[in-house]
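Given next are the chains, with one letter for each unit.
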Amino acid sequence: MIPEVYYEKTCLQGFTTSQYFIEPCGLLKVSRKAMIIATAIYCGKGFGLQTTQNNEQTHDVTQSGENKMDVLIFMGQSNMQGSTGEKCNFPPDENIYEYKYLTDSLEPLTSPTGEDVTDSDGNLILAAAALKNGSMLPYFTKEYAKTRGKTVAIHSAKGNTSISEWEKGTERFAAAVKKNVAGIKKAAEAGVINKIYVIWLQGESDAIKNTSQKEYEERLIELKNDFKKEFYFDKFCIIKTGYFAAYADWDKRSFEEKKKSDEAIMTAQEAVTNIDSDFVILTDVTAELSVNPVYLNPKEFGPHYNNAGLKIIGEAAAEKLTKISELTGTRL
């Protein structure tokens, strides 16, 4: 993990709303700029330094002007991985790139997005869009880049995963950290990183498991904190889950019981934004779309959004995040 030495030597735990770090012995005043520069030193590159590297791996991402860019890290389960049941025709856009971990490269973002990352036994830890079909990333990034310009997307998702399967100590946590840190480093080599956001869409499996609101809140806050100890991000952005357990035929509980499980996760996702300022809700349009067959993949078990559904979700979320980015200004 790239910031490891920095954290171990300074005991830094994470930002407060005053843009300082908290350490066990009290308040340690370290500005955002100092943290970013220090982290970049351990990366071997400066986030704020324009590089002249313009090789085949980074394509033409370094060719224009000051070349500021935002990095968007997409994480979660199947509706973030992409399980639309249909192809997505998304032509390359000169402002939108996807980081590919397996080749350590920035490639023009096209569909399908993501890549299969396996453990030593060949088990999928992170996964590309299912069956090489569509995902949310093309729709989200296209809307976001209209205002924000150059955007680097990192796809770190895996379907059918509960939040406990993402927590620190799991292979998935380690793989996500490794890919996300490598993607941030690659973006830093290509230009000036302005903003870094995590976009999280997960919780359907926890509704099936009947995870309580309190447990999900606690696990989500802990997971966010653990990720932030490994790599910097400005906000941990949540796309709220819709109704999933309620329409899962294999879950033999009553409809009302399953609906309450869905709503427990939705409520938890809303609640963490009132507990920790790192969290922000981007959209809750999923609650409406998840009960409308027009926006669902009929070939999947449980409500999985088709391309039309993910287009609505992605564009709504991107529009909200664009406004947040514009309000908070630049990072340095």
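Look above for the structure.
One structure accompanies this document, and this report is about it.

Digging into a nonpolar patch on the surface
On the surface, Tyr 247, Phe 255 and Val 291 cluster together into a nonpolar patch covering about 270 Å² of accessible area. The topology assignment puts Val 291 in the loop between helix H9 (286–289) and helix H10 (307–328).

Some points on empty space enclosed by the protein
According to the stated counting rule, one finds two cavities of 30 Å³ or more in the structure shown. Considered class by class, the residues forming the lining of the second largest cavity number two nonpolar, no polar and five charged.

Quick word on the sheet that holds strand S8 (residues 151–157)
Adjacent strands of a sheet pair through backbone hydrogen bonds, lying either parallel or antiparallel. With mixed pairing, the seven strands of this open sheet are ordered in space as S5-S4-S8-S3-S9-S10-S11. Here the strands that pair on one side only, and so sit at the sheet edges, are strand S5 (105–108) and strand S11 (279–283). Neighbour-to-neighbour, the strand axes of this sheet turn through a mean angle of 30°, independent of strand direction. As paired elements, strand S3 (residues 68–76) and strand S9 (residues 192–201) share nine bridges and run parallel to each other. Residue pairing for S9: Asp 70 is matched across the bridge by Lys 195. Against the sheet, helix H4 (residues 137–148) engages S3, strand S4 (96–100), S8, S9 and S11, with an angle of about 155° to S3.

Concerning the nonpolar core
Ranked by internal contacts, the top residues of the largest apolar core, which has 45 residues, are Val 71, Ile 73, Trp 200, Leu 220, Phe 227, Phe 231 and Phe 236. The element contributing the most residues to this core is helix H5 (residues 171–190), with ten residues. Apart from residues no more than four positions distant in its own chain, Phe 227 is found in contact with Met 75, Phe 173, Ala 176, Val 177, Phe 233 and Phe 236. Ranked by size, the runner-up nonpolar core spans 32 residues in total, among them Phe 140, Leu 289, Leu 310 and Leu 321.

Analysis parameters
- Residues numbered from 1 in each chain as written.
- Predicted model: local features only at pLDDT ≥ 70, side-chain atom pairs only at ≥ 80, totals over all residues.
- Heavy atoms only, no water.
- Patch = residues over 30% accessible without salt bridge, like charges linked within 9 Å, V, L, I, M, F, W, Y side chains within 5 Å.
- Areas by Shrake-Rupley, 256 points an atom, 1.4 Å probe, with all protein chains shown as cover.
- Salt bridge = Lys/Arg side-chain N within 4 Å of Asp/Glu carboxyl O.
- Helix = DSSP H or I, 4+ residues; strand = E, 2+ residues; numbered from the N terminus.
- 1 Å grid on protein atoms, 1.4 Å probe; cavity = no way out; pocket = protein on both sides within 12 Å on 5 of 7 lines; lining within 4 Å.
- Points joined across faces, edges and corners; volume = space filled by probe spheres on them.
- Nonpolar A, V, L, I, M, F, W, Y, C, P; charged D, E, K, R; others polar.
- Pairing = 2+ DSSP bridges.
- Axes fitted to C-alpha atoms, helices over the stretch in contact; angles between N-to-C directions.
- Contact = heavy atoms within 4.5 Å.
- Core = buried A, V, L, I, M, F, W, Y, C linked by side-chain atoms within 4.5 Å.
- Buried < 20%, exposed > 50% of the residue type's maximum accessible area, 1.4 Å probe, protein only.

The quantities given are spatial measurements derived from coordinates; they are silent on function.
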